[in-house]
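As a plain string of letters, each chain reads:
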Amino acid sequence: MAEKVVIGMSGGVDSSVAAYLLKEQGYDVIGVTMLTWRKTADDEAVKDAKKVAESLGIPFFTVDFRQEFKKYVMDYFAAEYKAGRTPNPCTVCNRFVKWEALINKAKEFGAEYIATGHYARIDKHPVTGRLVIRDSVTAKKDQTYALYNLTQDQLKATIMPIGNYEKDEIRQIASKIGLEVAVKGDSQDICFIPDNDYVAFLERKYGYKAKRGNYIDLTGKPIGEHKGIVNYTIGQRKGLGVSFGKHMFVTEIKPETNEIVLGDNEDLFKRTVYADKVNLMAVERIDGEIRLTAKIRYAHKKTPCIVRMKDGMLECIFDEPQRAPTPGQALVLYDGEYVFGGGTIIGAE
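As the structure is a prediction and not an experimental result, all values here were calculated from the model.

## Remarks on the pattern of salt bridges
(1) Moving on: Tallied over the full model, the rule gives 19 salt bridges.
(2) Moving on: When the shortest N-O distance is used, the salt bridge between K302 and D135 registers 2.5 Å. With K302 in the loop between β13 (290-295) and β14 (303-310) and D135 in strand β6 (residues 131-135), the pair connects residues that are 167 residues apart, well separated along the chain.
(3) Moving on: With relative accessibility at 29%, the residue K302 sits in the partly exposed group.
(4) Moving on: Across the pair R285 and D287 runs a salt bridge whose closest N-O atoms are separated by 3.2 Å.
(5) Moving on: Judged by its relative accessible area of 58%, R285 is exposed.
(6) Moving on: Each of R121, D123, R134 and E337 takes part in salt bridges that share partners, so that together they form one network.

Structure below.
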């Protein structure tokens, strides 16, 4: 009897081809689309996913995860911005909604596995033998950064069918089997804020009104007025609204005093980055110092560093200072092409 797998279908080309590949490999495939920030099952993406499922001859369901999505993703996103941090909602969505909630739902369907259309692979770490996320074959689309937060149990129950493919190959497969979504564009930005105006989103959904405050220099001297801390992120130069006669950059956000510290570009470079909410993947714990590479944002290049645990936090010391490590973003550690673990950046020096 074929093993049963529930695949999350977004209506895009990646998850659609992933569903096809699973069926070709002999799995008993069930397609589901998660209702998260969407209001109804009549959404365009849901219709696309349903059409793909019908063309593949697999059963299709919508599952209502709006409550989980609001709690773990949207509420978290709002709280982080109010606290002067710049959150990465995908990392919490992956762990608590796309995985935890979907695995629980899969059990109701009697399925052993869930599957996704992520460009990443699941493998065993060559030294420790633990399950890890491994780089996809395509560096351009690699999505390992946003998956560092997954647990061993979650990885055990997961299949990622497209990690061995380039994006162009996935589109070719979709065309070959006649899927209309073959030419559909990739989703961008924050899914629940399609217009990317997160300040308006915070006001509309959470009644948060940005409060004006002072820009200050590195000595603490007021040098202008800002529009509210949620409008800014570390490293920002454009949109400050004040002319200083030279380029100035956001180097720190102080929510407790509603102040934004401005400095020169050189002031953004930090060698040591600290992270909490740690999830280790390749090992159970870190003893002493270990040599790895790390990324401080999705588009960052893996960079050599030394990592150790300090008071339950990750302390990551880069060989060279890195520009604008940003509280709220993920610090993701790599051992070669394997995700070692990671955490949420809380500060840098």
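## Considerations on the environment of P59
(1) Moving on: Mapped onto the fold, P59 is located in the loop between α2 (44-56) and β3 (60-64).
(2) Moving on: Counting along the chain gives 28 residues from P59 to G31, while the straight-line C-alpha distance between them is 6.1 Å.
(3) Moving on: Those residues in contact with P59 that lie beyond four places of it in its chain are V29, I30 and G31.

## A few points about the sheet that holds β3
(1) Moving on: Taking strand neighbours across the sheet as the criterion, the five strands line up as β3-β2-β1-β4-β7 in an open arrangement whose pairing is parallel. The open sheet has two edge strands with one neighbour each: β3 and β7 (158-159).
(2) Moving on: Taken together, the five bridges between strand β2 (residues 28-35) and β3 define a ladder with parallel strand orientation. Paired with M34 across the two strands is V63, which belongs to β3.

About the cut-offs
Residues numbered from 1 in each chain as written. Predicted model: local features only at pLDDT ≥ 70, side-chain atom pairs only at ≥ 80, totals over all residues. Heavy atoms only, no water. Salt bridge = Lys/Arg side-chain N within 4 Å of Asp/Glu carboxyl O. Helix = DSSP H or I, 4+ residues; strand = E, 2+ residues; numbered from the N terminus. Buried < 20%, exposed > 50% of the residue type's maximum accessible area, 1.4 Å probe, protein only. Contact = heavy atoms within 4.5 Å. Pairing = 2+ DSSP bridges.

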